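# Tertiary structure, described
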Amino acid sequence: MSEGVFFRSLRQRVEGQAALDEGSCKPERAERAELRRRALARATELGWPGSRDEAYKYTSLTKLGSVPFGNSDFAGIDDRELSHLPEGPLIWALGGQVMPSRARLDDLPAGIRVKGDDEAMTELHEQLAVDASSDFLGALSAATIQGAVVVDVDANTEVDVPLTVAFLAPRPSMGADHQSQAPRLLVRLAENASLRLLEWHDGTSARCLSHPLIHVELAAGASFEHLRLLEDGPNTEHLGRIRVEQARDSRYRLWNLALRGSLSRSEIEVALREPGAECELDGLSTARGKEHRDQHVLVHHAVPHGTSRQTFKSVLADRGRGIFTGKVQVDPQAQKTSAEQSNRSLLLSETALAETRPQLEIHADDVTCSHGATIGRLRDDALFYLRSRGIGTDEAKLMLTTAFAAEVTESLPEGPWRELAESRVRERLATLLQEEEQAS
Amino acid sequence: MLEIRNLHVDVDGTEILHGLDLTVKTGEVHAIMGPNGSGKSTLAHVVSGRDGYEVSQGEVLLEGENVLEMEPEERACAGLFLGFQYPVEIPGVANSYFLKAALNAQRKARGQDELDALDFLKLVREKAALVQLDKELLERPVNSGFSGGEKKRNEILQMAVLEPKMAVLDETDSGLDIDALRVVAQGVNDLRGPERSILVITHYQRLLDHVVPDRVHVLMNGRIVRSGDKELAKELEEKGYGWLESEAVA
C-alpha cells in the first residue's frame, strides 16, 4: 500500500528508536528493536481502522493517516501544577516515560511494588510481542513504546492509600507541532490483594496522539478500584484501551470519566475467566464543539456465576458526538450469569448526536441480562419548577445536568476521589452550558 | 398585593381567560373555585410564568409591579410562590440542596446574606416538623418516589421556608386524604399574616373548612362570575356550579 504522511513519519520514528535500542549493550533491548520493526510492519500493513471495520463504524480513524506521527520529546522540566490531585503516592509519566524526580513513592506501603520504564518494558516484553502481531493500536503501541509503569500488589495486601498515576502529554519542544505518546500501565493484583488507583491523563494545547494501553490482571479474590480521569488537551486524539482479566471471586470497579480532548475513545474489555468474578463499569463522557467520544465496551462472561454491570452516560453540547457500544458476551457454559447494562445520553443542543449500540450475545439459557438506553434533553417541567422557586436559569440547568452526571460520580467512594471527580465534572458541565447559552 | 386586570390568555390559539379581574389585598386569603376547564390552572401558570401561555391583553401586578414582564425566577424573588398541582420529580437533586439553593437565590436577589449550611439545616428541620414531613425526605431527590401527600406537604414546606409575600396554591388539596388535608391546611394557616396574601385555587369546598377565606371567587369560562364571602363556597357545595351558568355566558 502507498505510504502516507503518517506512516512515513512513523517509520522514521520507529527506526530511530530501534537504532537506540540496538546501541544498548543489553540483549533485551536488541530484542525490543526487532519487536518494534515487526510491530511497525504490522501497523503499516493494517493501516488506520475506518468505518468499514464494525468496531470503528462511528469512529473512523482513517483521517489520521494524513497527520504526521509526532515525537514525544520534551524540553526541560515540566512544572505542571498537580495540587488538585489527591495526596498519597504518585507516579508521574511524561510522554509515557516515568519521571522519577517527580514521583512520590517514598511512603509506599509494604506489599506494593512499582517499576518504571526500562525495567517495566522488559517485564512487558511478552505482552508487547503479542501486541506486535495483534491489531493496529496494539502494534502501534508495541512499535513506539517509550516507557511503562508496572504495579504489583502482593497476595493478601490491602493497600489503603490510593495510588495516582499521572500521564501527561509533553509540552511541545521547539519547532515540533505534533506530539504522540504511548502510555502503558500494567496492574497485577495477587490473591486477595486490593488496590485503588487513579489514572489521570492531562494534555497541552498541541496536536497530540495519545494511545494508552492499560492491562489489569486480578488473581482470585483481588479487588481493584480504578478511576480514570481523561482531561486531554483540546487537540488530542486519545485512543485508549483497557484490558482486564479476572480470576475467581475478583472484583473490578471502573469509573471512566472522558471529559476532554478533541477525540477520545475508551475501549474497555473485561474478561470474567473464573466463577464468582464481578465487574462494575461506570462511564461519563462530555463533549463540546466538534468533540467526539466513543465508549466501546466488551464484557465477556466465559464461566458461570459472573456478575457485570455497565452504566455509561454522556452529556453532549454543540456538535458533540457520543458513541456507546456495549457488548455482553455470555458463553454457553456461563450459566447463572447476571449482566446489566444502561446507556443514557443528555443532549444540550439540537446538533449534538448520540449513538447507542447495545449488543447482547447470550449463548446460555439460565442467565439474567438486561439493557436499556435513553437519549434525552433537559426537562422543561423540571427547569420551570426550579426557576419558579427563584433559581436562575443557568444555575437550574447546571443543577439538572450535574444531577444527570451524579449517578456516576456519586457511586465513587466518599472522600478525595469523589470530591475531585465532582468538581472536575461540574466545572466541565458549567463550560458546556455557558457555551450553549452564548450560542443561543 | 396582587392585582389582575382584564387578563386575556390564549393557549395554542384558543382564548382561555377572557378578561379576568381580581384583587387580593395584603394580608387576605382568597379562594378561587370553579369547575374543570374553567381556567383555574391557566391562571396559576400565567401568574407564575410558565411557557406556553400567550397574554393578549391585561396585566398582573404584584405590589404594583407587572410580573408578566419578569422571568419566573424574578417573580419568585419578588415574593411570588406557586404551589404546584403536580409537583415535579427531579432525580439526582437532593430536596434540601434544592431548597437551600432556592432560598439563597432569593435572599441574594433581595440583597440579604446567604444562609450557611448550619443555619439552613436548623430552619428547614423546624419547618419540616411543622408540615410533618419526614426528615429523611429532605435528603432524598426532590419529590422522587414521594407519595401524593408527601409531594403536597413538600410544596407547603417550600412555601414555609421561602416565606413568599403572595402564595398561589394550585389545587394543593387534590388527591389528599383528610389527615394530609389537615396538615396542608395547618401549614397554610401558619403562614397567614398581615404581610402575606394567599390565593387558594380549588375545585372543592372541603379545604375551605380548614383554611377559611376572606373572599371566594367563582371562575367559569375564563371569567370571575361571582365573588362573595366564605358562605359562597358553602352555597357552591350545595348547589354546584350549574346555577351560575347563565352569568358565565352573559
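Residues numbered from 1 in each chain as written. Chains lettered and ligands numbered in written order. Predicted model: local features only at pLDDT ≥ 70, side-chain atom pairs only at ≥ 80, totals over all residues.

This part covers the overall build of chain B. Broken down by element type, chain B carries ten helices and twelve strands. Taking contacts inside chain B between residues at least 6 apart in sequence as the whole, the part at least 24 apart equals 68%. (Helix = DSSP H or I, 4+ residues; strand = E, 2+ residues; numbered from the N terminus. Contact = placed C-beta atoms within 7 Å.)

So, about the packing of helix α1 (residues 5-23) of chain A against helix α2 (residues 27-46) of chain A. Residue and element names in this part refer to chain A. Closest axis-to-axis distance for the α1/α2 pair is 8 Å, and the angle between their directions is 170°. Taken together, the axes of α1 and α2 lie roughly antiparallel to each other. Where α1 crosses over α2, the handedness of that crossing is left-handed. Residues Phe7, Leu10, Arg11, Val14, Gln17, Ala18, Asp21 and Glu22 of α1 pack against Arg29, Ala30, Arg32, Ala33, Arg36, Arg37, Leu40 and Thr44 of α2. Its residues assigned to classes, the contact of α1 with α2 comprises seven nonpolar, two polar and seven charged. (Axes fitted to C-alpha atoms, helices over the stretch in contact; angles between N-to-C directions. Parallel < 35°, antiparallel > 145°, perpendicular 65-115°, else oblique. Left-handed = near helix turned anticlockwise from the far one by under 90°. Nonpolar A, V, L, I, M, F, W, Y, C, P; charged D, E, K, R; others polar.)

As a further point, take the confidence of the model for chain B. All names here are of chain B. For chain B, the average pLDDT comes to 90, and 98% of its residues sit at 70 or higher. The least confident element of chain B, judged by mean pLDDT, is helix α10 (residues 245-249) at 64; the most confident is helix α2 (residues 72-77) at 96. Predicted as a complex, the structure gets a pTM of 0.91 and an ipTM equal to 0.95. (pLDDT = per-residue confidence, 0-100.)

Turning next to the sheet that holds strand β10 (residues 197-202) of chain B. All names here are of chain B. The strand order across the open sheet built from six strands is β6-β9-β10-β3-β11-β12, with neighbouring strands paired in mixed fashion. A strand with exactly one partner marks an edge of an open sheet, and here the two such strands are β6 (80-83) and β12 (223-228). Sheet twist, expressed as the mean angle between neighbouring strand axes with direction ignored, is 20°. Across the sheet, helix α9 (residues 230-239) is in contact with β3 (29-33), β11 (215-220) and β12; its angle to β11 comes to roughly 45°. (Pairing = 2+ DSSP bridges.)

A separate point is helix α6 (residues 380-387) of chain A. What sets the pattern is the α-helix's 3.6 residues per turn: residues three or four places apart point alike. Counting buried positions along α6(A) yields six of eight residues, so the element is predominantly enclosed. Residues of α6(A) that are buried: Ala382(A), Leu383(A), Phe384(A), Tyr385(A), Leu386(A) and Arg387(A). (Buried ≥ 20, exposed ≤ 12 C-beta atoms within 10 Å, placed from the backbone.)

Attention now goes to the packing of helix α6 (residues 148-162) of chain B against helix α7 (residues 178-191) of chain B. Helix-helix packing: each pair is described by the crossing angle between the helix axes and the interaxial distance. All names here are of chain B. One way to put it is that α6 packs onto α7 with a least axis distance of 10 Å and a crossing angle of 10°. The angle between α6 and α7 falls in the class roughly parallel. Contacts between α6 and α7 involve Gly149, Lys152, Arg153, Ile156, Met159 and Ala160 from the first element and Ala180, Val183, Val184, Gly187, Val188 and Leu191 from the second.

A few words on helix α8 (residues 416-439) of chain A. Residue and element names in this part refer to chain A. Over its 24 residues, α8 runs 35 Å from end to end, which matches the ideal 34 Å to within 8%, given 1.5 Å per residue. For α8, every residue scored as buried is listed here: Leu420, Ala421, Val425, Arg428, Leu429, Leu432 and Leu433. Buried-residue contacts for α8 involve β11 (223-231), β13 (251-260), β15 (278-287), β17 (307-316) and α7 (393-409). (Expected span 1.5 Å × (residues − 1).)

This part takes up the nonpolar core. Membership of the largest hydrophobic core comes to 188 residues, with the highest contact counts inside it found for Ala93(A), Val149(A), Leu189(A), Leu257(A), Val168(B) and Val200(B). Ranked by residue count, the leading element in this core is α7(A), at seven residues. In this structure, Leu257(A) is in contact with Arg228(A), Leu229(A), Leu230(A), Leu284(A), Ala421(A) and Val425(A), ignoring residues within four places of it in sequence. (Core = buried A, V, L, I, M, F, W, Y, C linked by C-beta atoms within 7 Å.)

This paragraph deals with the interface of chain B and chain A. Residue-level contacts link 20 residues of chain B with 18 residues of chain A. Here the element with the most residues in the side of chain B that touches chain A is helix α3 (residues 95-109) of chain B; it accounts for five residues. Partitioning the side of chain B that touches chain A into residue classes produces 13 nonpolar, four polar and three charged.

In this section: the pairing of strand β18 (residues 321-330) of chain A. Residues and elements named next belong to chain A. Within β18, eight of the ten residues are buried, leaving the element largely enclosed by the surrounding structure. In this sheet, β18 lies alongside strand β16 (residues 292-301) in parallel orientation, the contact comprising ten bridges. Paired with His296 across the two strands is Thr325, which belongs to β18. For β18 and strand β20 (residues 353-362), the ladder comprises ten bridges, and the chain directions are parallel. The residue bridging Phe324 from the neighbouring strand is Thr356, located in β20.

Residue and element names in this part refer to chain A. In space, the ten strands of this open sheet follow the order β2-β1-β5-β8-β11-β13-β15-β17-β19-β21, with mixed pairing throughout. Looking along the sheet, the strands with just one partner apiece sit at the ends: β2 (97-98) and β21 (368-376). Where strand β5 (residues 163-168) meets strand β8 (residues 194-202), six bridges bridge the pair, whose relative direction is parallel. Across the sheet, residue Phe167 finds its bridge partner in β8, namely His201. In this fold α7 packs onto β13, β15, β17 and β19 (338-347), with an angle of close to 160° to the strand it touches most, β17.

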